[in-house]
Amino acid sequence: MNFRPHGNIDPISRDVFQQQLVGIAEEMSMALRRAAFSSIIWDMYDYACGLFTPEGEMMAQAETIPAQLGIMSTALSHMKQAFPLDQWKPGDVLVCNDPYKGCTHTMDIVLFSPVFLEGELIGITSTIAHHVDIGGKIPGTEAADNAEIFAEGIILPPLKLVDGGKPNPAIFDIIAANVRDPASCQGDLRAQIAGCRMGERRLAELFKRQGVSHAKALTGACLDYAETYMRRVIAAMPDGRYHASVLTEDDTTSDEPLKIAVTVEVKGDKLKVDFTGTVAQRDNALNCPIASTLSMTNYAVKCIVAPEIAQNEGCNRAVEMVAPEGSLLNPRRPAAVSVRHLTQQAVADAVLKAMAPLAPNHAAAGCQISFPTFCAGGFDERPEKRGEDGMAPYYVISDIIGGGMGGSAQGDGLDAIDTHGGNCAVLSAEVIETLSPLRVLETSLVAGSGGEGQHRGGLGIRRDYQFLSERTIMGAYVQQTRDETRPWGLEGGKPGQPGFISLNPGKPGARPLKSKIYGLKLEKGDVMRFQGAGGGGWGDPKTRDAAAKARDQAEGFV
């Protein structure tokens, strides 16, 4: 199937077609979000949608979660190994969540569906969504102390969830029997299917309108343009090898931090990103599967090289990645990986740090990758939530707290943001208090948390939660809690302030908690405080503009 351009494709037609593809992906995104059952999808945006050629190259994506979008091509290659394309039929939907088959962690369920036009396979749609619980020993599935993937909930190998338009009830039933909130999980799966179906209809309409042959040529032109753009920018960079390393907390199997080392080699119009020197995989869930390592590498490279162009597979053709097998970034099965997001954020941080000298106008100081997150579960004992039989329903709720982006040559870092592979929204207090027996006591910016500089780092968020049920089980984590791991400054800027988690702040028995929590039992009235790190500062603080200093004081930023 030839998706290479032929004939004369003018730049305007090419760019309009690229944006039409992006529009389809965004429409898929809207369909999925509006149909979803879980707040982590419809309010926090923890999902992704993309379009692919039959060969497996991404044509376009919706702008949601980079960490999920970047693994789709890898997951699709594994899916095609299990189900060759000649076995795909109209109406099929294929499913997988196995991190060792190109996926991320078991909570992120990946769907693919073929797009046919007049009997010809013209494309593939994909949706990924984070399911708030997929089984395992604690609510939310993620437990940093897991040693093997078999403790991380149900694993779905490549399967046909829908076969020729007919759902496979056995798969739905097996999933429902293994999760804490089966109605929401199944509802979210059907929302993902709705997203795929929207993509199928719109892509078929676009190809029919353009003519299949011309649409293929336009697709090839879009991919080749992105590749050419990336290669020309890389070729203008000085050849050489650029090194960086970052440290991030373990606090599970060891107090010794995890080191991620990277060397970025520029040679002609190519980039090689080599993680040799990174620590070996650990007997915990902080290991990062190779698909996620590749995803965040491509993300970081594009941030530095060509942030202004639409993302498609052409952007990745000039990039080679090396991650030694058995390392933290390419673990061997059955290593646990459920908390891999903390590590993949550090992957992006390390690559961006190494490449900062190559594009000073695109580089920023260290961003918060603290990612304070919890998932809690238990029985909702509020009278209005009880059923007709008087029984309290089981609930699962999750939230993600942002922090500060690093300052840059362009200005101060953004406040209260989920950076890099995340891009999730903080869960609305009203939603939390409606769906669960939790009360949000405070959500605030942390004054002075951004690193000082000519352009200061963005501010972190502090959020306090009070628990209203007699017994709640929680898993949680946060990174960048130490001086050696907090966001780094650039060009003379100061580091951002660290993040932390604490129990019952300001009360008798108050205590700070370690960066990883698994199976913590909370009682009625307990308060948990989560605080995200501030971003690193850029430039010498002594050169900060006097008007900016006055504004910082007036707005309470310092």
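Let me begin by describing the structure that accompanies this report. Nothing here was measured: the structure is a model prediction, and the numbers come from that model.

**Examining the layout of surface pockets**
Part 1 of the reasoning: In this structure, the largest pocket spans a volume of roughly 1,300 Å³.
Part 2 of the reasoning: Taken together, 50 residues make up the lining of the largest pocket; nearest its centre are Pro 66, Tyr 299, Lys 302, Cys 303 and His 420.
Part 3 of the reasoning: Elements with a contribution of two residues or more to the lining of the largest pocket: helix H1 (11-35), strand E2 (58-61), helix H3 (66-69), helix H4 (72-82), helix H8 (290-305) and helix H9 (340-355).
Part 4 of the reasoning: The residue makeup of the lining of the largest pocket, split by class, is 23 nonpolar, 21 polar and six charged.

**Observations regarding the sheet that holds strand E16 (residues 471-477)**
Part 1 of the reasoning: Taking strand neighbours across the sheet as the criterion, the four strands line up as E13-E12-E16-E19 in an open arrangement whose pairing is antiparallel. Pairing within the sheet leaves two strands with one partner each, and these edge strands are strand E13 (394-400) and strand E19 (516-523). Ignoring strand direction, the axes of neighbouring strands in this sheet form an average angle of 15 degrees.
Part 2 of the reasoning: Pairing between strand E12 (residues 373-379) and E13: seven bridges, direction antiparallel. Paired with Phe 379 across the bridge in E13 is Tyr 394.

**What about empty space enclosed by the protein?**
Part 1 of the reasoning: Enumeration over the complete set of coordinates arrives at two cavities of 30 Å³ or more.
Part 2 of the reasoning: Here the largest cavity is characterised by a volume of approximately 300 Å³.
Part 3 of the reasoning: If you go around the largest cavity, you meet 29 residues; those closest to its centre are His 130, Glu 142, Phe 371, Thr 373 and Tyr 477.
Part 4 of the reasoning: The set of elements that each furnish at least two residues to the lining of the largest cavity consists of H3, H9, E12, E13 and E16.
Part 5 of the reasoning: Within the lining of the largest cavity, the residues separate by chemical class into 15 nonpolar, 10 polar and four charged.
Part 6 of the reasoning: By volume, the second largest cavity amounts to about 50 Å³.
Part 7 of the reasoning: In terms of lining, the second largest cavity is formed by Ser 38, His 131, Val 132, Asp 133, Asp 181, Ser 184, Cys 185 and Asp 188.
Part 8 of the reasoning: Counted by class, the lining of the second largest cavity contains two nonpolar, three polar and three charged residues.

**What about helix H11 (residues 546-555)?**
Part 1 of the reasoning: Where H11 begins, one side-chain oxygen reaches toward the backbone nitrogen of Ala 547, 3.0 Å away; that side chain belongs to Asp 545.
Part 2 of the reasoning: Positive phi shows up at Gly 556, right after H11, with a value of about 75 degrees.

**Side note on unusual backbone geometry**
Part 1 of the reasoning: Geometrically, the link from Arg 333 to Pro 334 is a cis peptide bond, its omega value of 15 degrees lying close to zero.
Part 2 of the reasoning: Looking at where Pro 334 falls in the secondary structure, it is placed in the loop between strand E11 (319-322) and H9.
Part 3 of the reasoning: The phi angle at Ala 416 is positive, at roughly 50 degrees, despite the residue not being glycine.
Part 4 of the reasoning: Considering the arrangement of structural elements, one finds Ala 416 in the loop between E13 and helix H10 (429-435).
Part 5 of the reasoning: You will see that Asn 504, though not glycine, has its phi angle at about 55 degrees, which is positive.

**Examining the side chain of Arg 282**
Part 1 of the reasoning: Tracing the backbone through its elements, the reader meets Arg 282 in the loop between strand E10 (270-274) and H8.
Part 2 of the reasoning: At 3.5 Å, the side chain of Arg 282 and the backbone oxygen of Glu 256 are in polar contact.
Part 3 of the reasoning: Leave out the neighbours within four places in its chain, and Arg 282 touches Asp 250, Thr 253, Ser 254, Glu 256, Pro 257, Leu 258 and Asn 287.

**Some words on the sheet that holds strand E8 (residues 240-248)**
Part 1 of the reasoning: In spatial order, the strands read E8-E9-E10-E11; together these four strands make up an open sheet with mixed pairing. Because the sheet does not close on itself, it has two edges, and the strands there are E8 and E11. Averaged over all adjacent pairs, the angle separating strand axes in this sheet is 15 degrees, with direction ignored.
Part 2 of the reasoning: By the bridge criterion, four bridges tie E10 to E11 in an arrangement that is parallel. Each bridged residue has a counterpart across the sheet, and for Asp 274 the counterpart in E11 is Val 322.

**Observations regarding the state of the cysteines**
As used here, a disulfide is simply a covalent bond connecting the sulfur atoms of two cysteines.
Part 1 of the reasoning: Applying the stated criterion to the full structure yields zero disulfides.
Part 2 of the reasoning: Between Cys 96, a cysteine without a disulfide, and Cys 103, which holds the nearest cysteine sulfur, the sulfur-to-sulfur distance is 3.8 Å.
Part 3 of the reasoning: Among the residues examined, Cys 96 registers a relative accessible area of 3% and is labelled buried.
Part 4 of the reasoning: Cys 222 takes part in no disulfide bond, and the closest cysteine sulfur, belonging to Cys 315, lies 11 Å away.
Part 5 of the reasoning: Residue class for Cys 222 comes out buried when judged on its relative accessible area of 5%.

**Brief notes about the environment of Ile 124**
Part 1 of the reasoning: Looking at the secondary structure, you find Ile 124 in strand E5 (residues 120-130).
Part 2 of the reasoning: Expressed as a C-alpha distance, the spacing of Ile 124 and Met 59, which sit 65 residues apart in the sequence, is 9.7 Å.
Part 3 of the reasoning: Residue contacts for Ile 124: discarding those within four places in its chain leaves Gly 50, Leu 51, Phe 52, Thr 53, Pro 54, Leu 76, Leu 85, Trp 88, Phe 112, Ser 113, Pro 114 and Val 115.

What counts, and where the lines are drawn
Residues numbered from 1 in each chain as written. Predicted model: local features only at pLDDT ≥ 70, side-chain atom pairs only at ≥ 80, totals over all residues. Heavy atoms only, no water. 1 Å grid on protein atoms, 1.4 Å probe; cavity = no way out; pocket = protein on both sides within 12 Å on 5 of 7 lines; lining within 4 Å. Points joined across faces, edges and corners; volume = space filled by probe spheres on them. Helix = DSSP H or I, 4+ residues; strand = E, 2+ residues; numbered from the N terminus. Nonpolar A, V, L, I, M, F, W, Y, C, P; charged D, E, K, R; others polar. Pairing = 2+ DSSP bridges. Axes fitted to C-alpha atoms, helices over the stretch in contact; angles between N-to-C directions. Polar contact = N/O pair within 3.5 Å; in protein donor to acceptor, adjacent residues only side chain to side chain. Contact = heavy atoms within 4.5 Å. Disulfide = S-S within 2.5 Å. Buried < 20%, exposed > 50% of the residue type's maximum accessible area, 1.4 Å probe, protein only.

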